[in-house]
Amino acid sequence: PDVSRSTGSLFAETGSAGAAGAGGGPPIMPLASPLMGKKKKPFLGMPAPLGYVPGLGRGATGFTTRSDIGPARDANDPVDDRHAPPGKRTVGDQMKKNQDDDDEDLNDTNYDEFNGYAGSLFSSGPYEKDDEEADAIYAALDKRMDERRKERRELREKEEIEKYRMERPKIQQQFSDLKRKLAEVSEEEWLSIPEVGDARNKRQRNPRYEKLTPVPDSFFSKHLQTGENHTTVDPLQGLGGLNTPYPGSMTPGLMTPGTGELDMRKIGQARNTLMDMRLSQVSDSVSGQTVVDPKGYLTDLNSMIPTHGGDISDIKKARLLLKSVRETNPHHPPAWIASARLEEVTGKLQVARNLIMKGTEMCPKSEDVWLEAARLQPGDTAKAVVAQAVRHLPQSVRIYIRAAELETDVRAKKRVLRKALENVSKSVRLWKTAVELEEPEDARIMLSRAVECCPTSVELWLALARLETYENARRVLNKARENIPTDRHIWITAAKLEEANGNTQMVDKIIDRAITSLRANGVEINREQWIQDAEECDKAGSVATCQAVIRAVIGIGIEEEDRKHTWMEDADSCVAHGALECARAIYAHALQVFPSKKSVWLRAAYFEKNHGTRESLEALLQRAVAHCPKAEVLWLMGAKSKWLAEDVPAARSILALAFQANPNSEEIWLAAVKLESENNEYERARRLLAKARSSAPTARVFMKSVKLEWVLGNIEAAQELCTEALKHYEDFPKLWMMRGQIEEQCENMDKAREAYNQGLKKCPHSVPLWLLLSRLEERVGQLTRARAILEKARLKNPQSPELWLESVRLEFRAGLKNIANTLMAKALQECPNSGILWAEAVFLEARPQRKTKSVDALKKCEHDPHVLLAVAKLFWSERKITKAREWFLRTVKIEPDLGDAWALFYKFELQHGTEEQQEEVRKRCENAEPRHGELWCAESKHVLNWQKKTGEILAQVASKIKNTF
């Protein structure tokens, strides 16, 4: 204490001495200090290093002063928070709570062998820089490890969710088929759904509404007169119960000042007057009677409601803004138009008209304002407005057009437009509008004047050329070319004109000159535009012009190596647009450039087959085989075309030529055999096959030989040939199948089984062989053996939907539906994208679940013909005829080779379609010539039906279909 006091006095003295010096005496020099010469310490004023605790070096830590912990408080003292919850209202409670928080929960329940304690054991310790670094490293490691397993984990999670959803579908999914049906509910059906019954009791259902009866005037007057025992309001209190500042301040008019009673007579009069006014507003007088039209009254009421969707405050704001725009810039047309439109939207039509007329005064040179005014005004007034507009803007085309539109009489319209053309002779739009109203002769005269006034309008020149005679049209087009040397349409029209008048040799010259002339005038030849023009010529019937255009532009701007690909695409595009002549011209050009390309000839041949005549196809194929003699398919197409036309000798001669070009070709041998056998020349067919077996022996030739003998009933010869064939081609499964089937036909089941078993040893991957053996066992009644065969087949040929399908059907035929369903589930797991399995699965379900199953099938196999066919059958079974027809059409379009689809479609049309529809299906089927399909092959490959045409087989298959689905 003494030291501090002496130090203080020393400073006090020094201060006073300084002050004295400042006052005016000589300044006292401070004493020389030993510290003055020393350097200042470098760490002063710098931040303390990390982890530095003051006094730690000398052990001056661990004591606490009162200023650190605040004033001492008793445990029972209340806390500062007045609204603390119970259990935290005293200082002791708070301290207890904090201690509980600090203590670690080291209970056994909180301990895990792998992770340790759930919480952090060192959470109470200080969190320092190195802790933060360690945490960051651990977090980075965790993230890295997580990323490594992320894809696998996400995939696993997705699979688990899918599996879970399959096992336990949401309620939403369970009712999805019913929800889908809601889309088909019509409005009438929806309205006819009965209301839900009311479960409340009678009193709740039928509450007695308060009956409000108007009180007669006599009641009031009676009670006002008898004032003995009814309660009255104290006049001193006023109406509100508060003392009013002015004495006797009753509401004026409620009570008469003198008497204090209601004047009923006046109330009645006022009410009658009001009613009278209302009625007079909505009534019309008919011979002294007043009749109120209720419909008219309601319409008036509706018209009083503003139809705009905006808020009233927004409208007021908009009005204010527009008003300020009009006032600040009165010569700004959009402001007047916007103001008028706003008033029109809010239903104030007269205000809108007044505003826009004011706008025409302020902006007399604005076309838009005048047009808006004409729109808002009624008929005759609008005409007057337009007349006024014309005076201000004599050169405005839009105003003249509007004036013509306002006229109802054609003569008046013509008059307006002629007047307009006097003022604005250069307007193409006015000329076109005026010409449209005229008769052809007058139109021609007008157009000849129009092209003088507007020599750069292509449309006017072309319109004039159309109306002129041939000679004059040529002159007109030549003139047009001089005036507009850069437009291709004039040249194309000239070519069309020459073609229409029989000068087809001129067409090519004109198109070639057109391209030369346009290039000379700096016009870029746009290939796509020209092809589009050619398509339009094709649709207009100008075939020569269309072909000339194609020939001229088809090669422009294409690299040499891209030519073939691009031209084929162009041809397909033309076919899609219905421009067949354009496509024909493209193919013709492509064949000139690539005469030895088999693929181009084939594309052209298929085009002719689908869209051309038989003659054009045969002519093309003759040229094709001359250029590509080694292309067997072209020879065969030619021969088939002749055969279909029943010209058998010509077909034979074509095949003979084909033999010369392609000696020992299997395809041509077999085509020749088919031609002979179809035309009942069996001996010739036998000789041809014998020759083929000696000169070009193949498995197919042997198979056809066996088939010919079999269908002709020579079973022994067929068996001998089959044995001979199997010596050479024992790995050809069809021969084993035929051998087994011949034995089955002869009722030799054991020999048939032996044939199939031998075949399976040589061809274990032939699914049809397994199916034949299984069906043989089933027919004999050996169901267990059939089942075992199919299981063995599935082991040898995993993921074979045909084998699974047969297994399912085997159980179904045996009446074991549960096993069939289980097998189907396994099959769909192994072959999830198999259309035939999904199609079968749909009809294994009970009727209510079929729709849901079909949706699942479509999700998995969207474009599979079997699934589409199953959906069509489903709609058919539900009698939804139009939808079923749509799905059948979709199926045969996506897979025209599926005979079953055609047969079902034909059966459907036989039951629900017209004769025309049945005939159309039959024709389309004959053109498609389907070869596949379970039901189809069963009939078409039957030995008794070997000579039947497609149409006959179609009818036969359709007759065997029973729509029991």
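Residues numbered from 1 in each chain as written. Predicted model: local features only at pLDDT ≥ 70, side-chain atom pairs only at ≥ 80, totals over all residues. Heavy atoms only, no water.

The name given to the protein in an unreviewed UniProt entry is Pre-mRNA-processing factor 6, with the source organism recorded as Amphiprion ocellaris. In its Sequence similarities (unreviewed entry) section, the UniProt record describing the protein reads: "Belongs to the crooked-neck family." The UniProt entry for the protein carries the following text under Function (unreviewed entry): "Involved in pre-mRNA splicing as component of the U4/U6-U5 tri-snRNP complex, one of the building blocks of the spliceosome. Enhances dihydrotestosterone-induced transactivation activity of AR, as well as dexamethasone-induced transactivation activity of NR3C1, but does not affect estrogen-induced transactivation." (UniProt positions renumbered as here; feature names shortened; annotations may be inferred.)

Enquirer: Would you mind showing me how to read the overall build of the protein here?
Expert: Summing up its helical and strand segments, the protein has 50 helices and four strands in all. Per-residue burial over the protein gives 33% buried out of 965 residues. Residue pairs at least 24 apart in sequence account for 49% of intrachain contacts in the protein once pairs closer than 6 positions are excluded. Accessible area of the protein: about 63,400 Å², with a carbon and sulfur share of 54%. (Helix = DSSP H or I, 4+ residues; strand = E, 2+ residues; numbered from the N terminus. Buried < 20%, exposed > 50% of the residue type's maximum accessible area, 1.4 Å probe, protein only. Contact = heavy atoms within 4.5 Å. Areas by Shrake-Rupley, 256 points an atom, 1.4 Å probe, with all protein chains shown as cover.)

Enquirer: I would appreciate a short explanation of the pattern of salt bridges in the present structure.
Expert: A pair can form between side chains of opposite charge whenever their charged atoms are brought close. Using the criterion set out here, one finds 25 salt bridges in the structure. A salt bridge links Glu184 to Lys880; the nearest nitrogen and oxygen atoms lie 2.9 Å apart. With Glu184 in the loop between α6 (176-182) and α7 (187-191) and Lys880 in the loop between α45 (865-877) and α46 (881-894), this residue pair connects regions lying 696 residues apart in the sequence. What makes Glu184 partly exposed here is its relative accessible area of 33%. Judged by its relative accessible area of 23%, Lys880 is partly exposed. Taking the shortest distance from any N to any O, the salt bridge between Glu184 and Lys883 comes out at 3.5 Å. A residue pair is termed long-range when its members are at least 10 positions apart, and Glu184 in the loop between α6 and α7 and Lys883 in helix α46 qualify at 699 residues. Linked by salt bridges that have partners in common, Glu184, Lys851, Glu878, Lys880 and Lys883 make up one network. (Salt bridge = Lys/Arg side-chain N within 4 Å of Asp/Glu carboxyl O.)

Enquirer: What's the story with the environment of Trp838 in this structure? I'm lost.
Expert: Structurally, Trp838 is set in helix α43 (residues 835-844). We classify Trp838 as buried; its relative accessible area is 9%. Dropping the residues within four chain positions of it, Trp838 is found in contact with Leu828, Pro832, Lys853, Asp856, Ala857, Lys860, Cys861 and Val867.

Enquirer: How should the packing of aromatic side chains be read in this particular structure?
Expert: The relative placement of two aromatic rings is captured by the distance of their centres and the angle of their planes. The final tally for this structure, using the stated rule, is five aromatic pairs. Taken together, a centroid distance of 6.3 Å and an interplanar angle of 40° make the contact between Phe875 and Trp887 tilted. Of this pair, Phe875 sits in helix α45 while Trp887 sits in helix α46; the two residues are twelve residues apart in sequence, bridging distant segments of the chain. The two residues Phe875 and Trp887 agree in class, both being buried. Look at Trp876 and Phe888: their rings are 6.0 Å apart centre to centre, the planes differ by 70°, and that puts the pair in the edge-to-face class. Of the two residues, Trp876 is situated in helix α45 and Phe888 in helix α46; the sequence distance between them amounts to twelve residues. An identical accessibility class is assigned to Trp876 and Phe888; each is buried. (Phe/Tyr/Trp six-rings, centres within 6.5 Å; stacked < 30°, edge-to-face > 60°.)

Enquirer: I keep staring at the nonpolar core and nothing clicks. Help me out?
Expert: Ranked by size, the top nonpolar core spans 49 residues in total, and within it Met824, Leu837, Trp887, Phe888 and Leu954 carry the most contacts. A total of nine residues in this core trace back to one element, the largest contributor, which is α45. (Core = buried A, V, L, I, M, F, W, Y, C linked by side-chain atoms within 4.5 Å.)

Enquirer: Looking at this model, I keep getting lost on the packing of helix α37 (residues 733-745) against helix α38 (residues 749-762). Mind explaining?
Expert: Describing two packed helices takes the angle between their axes plus the distance from one axis to the other. Contact geometry of α37 with α38 gives a least axis separation of 7 Å together with a crossing angle of 170°. Between α37 and α38, the crossing angle belongs to the class labelled roughly antiparallel. Only Met749, Lys751, Ala752, Ala755, Tyr756, Gln758, Gly759 and Lys762 of α38 make contact with α37, whose side of the interface consists of Trp736, Met737, Arg739, Gly740, Gln741, Glu743 and Glu744. Of the residues in the contact of α37 with α38, the class split is six nonpolar, four polar and five charged. (Axes fitted to C-alpha atoms, helices over the stretch in contact; angles between N-to-C directions. Parallel < 35°, antiparallel > 145°, perpendicular 65-115°, else oblique. Nonpolar A, V, L, I, M, F, W, Y, C, P; charged D, E, K, R; others polar.)

Enquirer: Can you help me understand α43 in this one?
Expert: The periodicity of an α-helix, 3.6 residues per turn, causes residues three or four places apart in sequence to face the same way. For α43, the tally of buried residues reaches ten of ten residues, placing the bulk of the element in the interior. What α43 keeps buried is the set Gly835, Ile836, Leu837, Trp838, Ala839, Glu840, Ala841, Val842, Phe843 and Leu844. Those residues of α43 hidden inside the fold are in contact with α41 (801-813), α42 (817-830), α44 (847-860) and α45.

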